[in-house]
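# Structure assessment
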Amino acid sequence: MNIVIQSESHDLSTDDVISWIYHLNKTSRISKLDDFTEVNDISLEMSNANKVSVVVNNNVNIDKETKYWYRRGEFDIDKKLTKKSNLNRNLCDETIRPILDYLDSGINQNYLNKFADNSVNKLKLLEKAINLDINIPDTLITSELSQLKEFVTQHKKVITKPIKNPFINFNTTEYKVKFTTHSKLITSDDLADEDYKFLPSFFQKYIEKKIEIRSFYLKGAFYSMAIFSQQNEKTKIDYRNYDRTKPNRCVPFNLPDDLKEKLTVMMEELELNSGSFDIILTPDNEYYFLEVNPIGQFQWLSKNCNYYLEKRIAKSLINE
Amino acid sequence: MNKLETKKRIIEYIKDHPQEFPFISKYWNIEIEEGNEASKDKILSISYGHYKTKDIAVTPFYKSISKIIDVRKLKGIN
Amino acid sequence: MLLKLFTNCKITKGNNRSIICDLQRESFTYIPNSLANLFDRNYIIDTEKVLAQLDSDDKKIFNEYIQLLEENEFVFKIEENDFGIFPELNPEFDYPAEISNAIIDRNQNSTYSFKEVLNKILIPSNCRHVQIRSYDIMELDELRIVLSLFEDSFIKSIDIVIKDFPNLGDKEIKPFLFNFKKVRTLILHSSNENKLIQKENNFGFGVIFSITQKINSSAHCGIIQEEYFNVNMQNYFESNSYNSCLNKKISIDVNGDIKNCPSMSQIFGNIKNTSLKEAMSHKDFKKYWNIHKDQIEICKDCEFRYICTDCRAYVEDPSNDRSRPLKCGYDPYTNEWSEWSTNPLKQKAIENYNLKELFNN
């Protein structure tokens with residue numbers, strides 16, 4: 001029985017999990033696929049008897065016994081082939097791409113996360129929350145300042161945040177440019193202009209917070225942490241604006257059972273077996289769902305709450 | 001064009017062409033790096049043998065392994 | 001007003017006073033035992049109830065302490081409905097290795113190889129943190145070979161204590177160490193001055209010191225000092241249930257003998273001919289691992305017991321392995337620190353362990 005881990009070469013959580021794997025089972029065999037894995041050779045077999053077996057680059061074997069953990073990284077088509085010409089690129093798209101897409105979808109049901117989890121749609125998540133009767137902040141996507149103004153008039157405090165990634169990269173001839181942001185509160189200055197258009201942007205009613213909750217979901221179980229971000233002006237709007245000199249208090253938390261049941265249904269419907277939830281508890285004791293990140297950081301949650309998540313993940317990979 | 005100028009240019013461009021950017025772009029934190037691929041790999045210089053993992057910074061142990069140094073005698077040079 | 005202690009702020013009661021260990025921010029604060037006793041079994045203080053029972057002088061003092069608790073963010077306001085949503089921290093200590101840390105002692109007569117140590121002890125036990133202590137001069141070339149070996153391996157951090165090189169200055173030491181990123185501290189003992197040669201190189205690693213202390217044997221170990229106090233979650237929970245020094249520790253002494261600690265006498269084999277499994281399956285190998293501070297005399301009454309270190313190798317009463325560390329000069333009954341080596345009550349043990357030579361420095 002072997003374990004395949006697809007990650008980044010410098011991911012600390014991966015290293016921690018590997019420590020636990022070797023400690024809990026010395027005979028574990030771990031294959032690592034790091035960063036961009038160019039696929040030069042691939043063979044795949046399917047049968048009722050043996051389910052699906054794949055051999056990548058003649059050295060990584062995935063069969064019905066293999067446990068697969070997708071953490072980071074990506075499969076790539078052989079660059080030599082795609083650089084050649086349009087025809088070669090199209091041929092690769094036709095022949096190799098579907099195989100890689102299939103690998104990205106998780107095979108043999110023996111996996112923790114899959115590459116495809118990266119593209120879970122944030123809007124779909126919000127819709128699912130609504131359908132499951134989970135509170136979400138009123139949300140608006142628009143390209144017009146006038147519509148935003150109406151929204152702000154209605155909700156008073158509104159935040160804007162990126163709809164997908166907080167990072168956007170692009171390259172000039174000389175430099176690499178990286179744009180980053182998290183949530184920002186809209187101020188009256190933002191609304192002073194005459195109507196103009198922008199790319200469709202994401203706005204939500206600002207929800208007052210008693211505490212923020214980060215909850216790590218792993219195969220049906222929740223490991224939650226309360227973040228007391230409201231005492232610190234720096235972290236009040238977005239706790240990711242970390243105060244490293246006086247970190248927000250982070251302590252273990254118990255989500256109510258009925259909310260956990262609904263969130264579990266959400267995960268099952270999305271076919272996610274792991275993810276990190278961002279939830280707000282309001283001063284009126286209401287829980288608001290913000291988002292779930294299928295593949296996020298859990299190390300600080302594990303450390304702050306002594307949850308030993310790395311051990312739990314290792315155990316799920318060695319079949320315990 | 002140096003980094004500062006590039007950054008200024010970008011900020012100006014965003015201001016002058018809002019229709020090409022999302023609303024939040026005015027709050028973007030803009031980081032500019034030399035377009036040198038090699039620089040990142042140089043930093044990931046710590047590797048962990050058969051674990052096949054790497055790191056930028058090293059992780060210390062959570063306590064002193066032994067207490068053989070009389071730390072009191074070192075006061076004043078820290 | 002109901003105030004609940006954050007579960008990562010732990011109160012340790014000592015004989016005369018308590019401390020709050022802030023496990024998240026890694027510091028501690030003194031509080032009186034009377035304040036510690038006001039928290040109920042859910043770590044909640046009902047300020048109204050308490051104030052009702054106090055006279056005006058005490059009311060003032062109480063309010064000052066509440067302010068202290070709030071300023072340090074040790075407590076938060078809780079409503080009765082919220083009692084169940086803030087559980088206590090899991091107090092379990094666990095570690096992804098049978099051995100978490102190793103001491104490798106060396107002198108000019110040592111013949112074992114570091115490669116043996118890595119392959120026979122460190123890798124099979126998953127041990128990734130080591131300290132090398134050399135009592136005699138170690139040639140720079142030999143050190144280079146050892147550090148290269150560890151640099152390529154899965155080892156995470158290395159602390160080195162070696163004798164100062166007579167002909168090497170700062171100009172040579174710094175570039176030498178530059179290539180060995182896993183070295184956290186390099187301490188050159190028996191030097192002619194106490195000097196900080198390099199503050200750090202890489203996020204707190206690569207610190208180089210020279211010290212005048214002449215560390216010529218493991219007899220120097222076992223120091224108990226405030227400077228070694230350690231307030232973090234791993235250490236705290238480990239100290240609650242296990243020996244804060246010996247738990248999951250292995251040592252190779254100058255002769256290549258496998259021990260819990262080089263300062264102890266019991267040998268579990270030699271690296272040349274004993275496997276890790278053989279050594280660890282000896283019935284006494286883990287004898288001291290579970291002895292924690294609440295079982296140790298005097299320490300059990302000390303407010304520092306979960307942030308302090310321990311030493312079973314040098315104890316006050318060598319015939320009693322539950323007696324407190326010999327080299328501790330703190331008295332939890334008076335809250336005073338004094339010099340342990342001149343304490344008349346400790347002289348017998350000092351002789352017994354042959355430690356007199358330590359004081360000729």
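Residues numbered from 1 in each chain as written. Chains lettered and ligands numbered in written order. Predicted model: local features only at pLDDT ≥ 70, side-chain atom pairs only at ≥ 80, totals over all residues. Heavy atoms only, no water.

Often the size quoted for an interface is simply the accessible area lost on bringing the parts together. Taken together, the contact between chain C and chain A spans 35 residues of the former and 30 residues of the latter. The contact between chain C and chain A buries some 2,600 Å² in all, and 48% of this surface belongs to carbon and sulfur atoms. Interface area lost by chain C to chain A is led by C:Gln24, C:Arg25 and C:Ile85, which between them contribute 20%. Where chain C packs against chain A, one counts nine salt bridges. Between A:Asp15 and C:Arg128 there is a salt bridge, and its shortest N-O distance comes to 2.7 Å. Where chain C packs against chain A, one counts 23 residue pairs in polar contact (both at pLDDT 80 or more). (Contact = heavy atoms within 4.5 Å. Buried area = accessible area lost by both parts, 1.4 Å probe. Salt bridge = Lys/Arg side-chain N within 4 Å of Asp/Glu carboxyl O. Polar contact = N/O pair within 3.5 Å; in protein donor to acceptor, adjacent residues only side chain to side chain.)

This part is about the sheet that holds strand β19 (residues 274–281) of chain A. Residues and elements named next belong to chain A. With respect to topology, five strands assemble into an open sheet ordered β18-β17-β16-β19-β20, the strand pairing being antiparallel. Both edges of this open sheet fall to β18 (249–253) and β20 (287–293), since each of them pairs with a single strand only. Between one strand axis and the next, the sheet turns through 25° on average, direction left out of account. Bridge analysis of strand β17 (residues 221–228) against β18 gives five bridges, and the strand direction is antiparallel. Note on β18: the bridge partner recorded for alanine 226 is valine 251. Against the sheet, helix α7 (residues 257–269) contacts β16 (211–218), β17, β19 and β20, and its axis sits at roughly 140° relative to β19. (Pairing = 2+ DSSP bridges. Helix = DSSP H or I, 4+ residues; strand = E, 2+ residues; numbered from the N terminus. Axes fitted to C-alpha atoms, helices over the stretch in contact; angles between N-to-C directions.)

Residues and elements named next belong to chain A. One way to put it is that helix α1 (residues 12–24) packs onto helix α9 (residues 309–317) with a least axis distance of 8 Å and a crossing angle of 55°. Comparing their axes, α9 and α1 come out oblique. Remark: the crossing between α1 and α9 carries right-handed chirality. Facing α1, whose interface residues are Asp16, Val17, Trp20, Ile21 and Leu24, α9 presents Glu310, Lys311, Ile313, Ala314, Lys315 and Leu317. (Parallel < 35°, antiparallel > 145°, perpendicular 65-115°, else oblique. Left-handed = near helix turned anticlockwise from the far one by under 90°.)

Counting 91 residues, the largest nonpolar core has A:Ile21, A:Ile313, C:Leu122, C:Phe150, C:Ile158 and C:Leu186 as its most contacted members. Looking at which domains feed residues into this core, each of domain 1 (2–118) and domain 2 (121–136 + 208–293) of chain A supplies at least three. With near-sequence residues (within four places) excluded, C:Leu186 lies in contact with C:Ile160, C:Ile162, C:Ile173, C:Leu177, C:Val207, C:Ile208 and C:Phe209. Ranked by size, the runner-up nonpolar core spans 51 residues in total, among them A:Ile211, A:Phe253, A:Leu259 and A:Tyr287. (Core = buried A, V, L, I, M, F, W, Y, C linked by side-chain atoms within 4.5 Å. Buried < 20%, exposed > 50% of the residue type's maximum accessible area, 1.4 Å probe, protein only. Domains from an automatic or database assignment.)

This part is about the sheet that holds strand β1 (residues 29–34) of chain B. Taken in spatial order, the three strands line up as β12(A)-β13(A)-β1(B) in an open sheet, and their pairing is antiparallel. The open sheet has two edge strands with one neighbour each: β12 (167–171) of chain A together with β1 of chain B. Direction aside, neighbouring strands of the sheet carry axes that sit 20° apart on average. Where strand β13 (residues 175–180) of chain A lies against β1(B), six bridges are found, and the strand directions are antiparallel. Residue pairing in the sheet places A:Tyr175 in a bridge with B:Glu34 of β1(B). Where helix α1 (residues 3–16) of chain B meets the sheet, its contacts fall on β12 and β13 of chain A together with β1 of chain B, and the angle it forms with β1(B) comes to roughly 140°.

A few words now on a nonpolar patch on the surface. Residue and element names in this part refer to chain A. On the surface, Leu123, Ile141 and Ile163 cluster together to form a nonpolar patch covering roughly 210 Å² of accessible area. Mapped onto the fold, isoleucine 163 is located in the loop between β11 (158–161) and β12. The class for isoleucine 163 is partly exposed, based on a relative accessible area of 38%. (Patch = residues over 30% accessible without salt bridge, like charges linked within 9 Å, V, L, I, M, F, W, Y side chains within 5 Å. Areas by Shrake-Rupley, 256 points an atom, 1.4 Å probe, with all protein chains shown as cover.)

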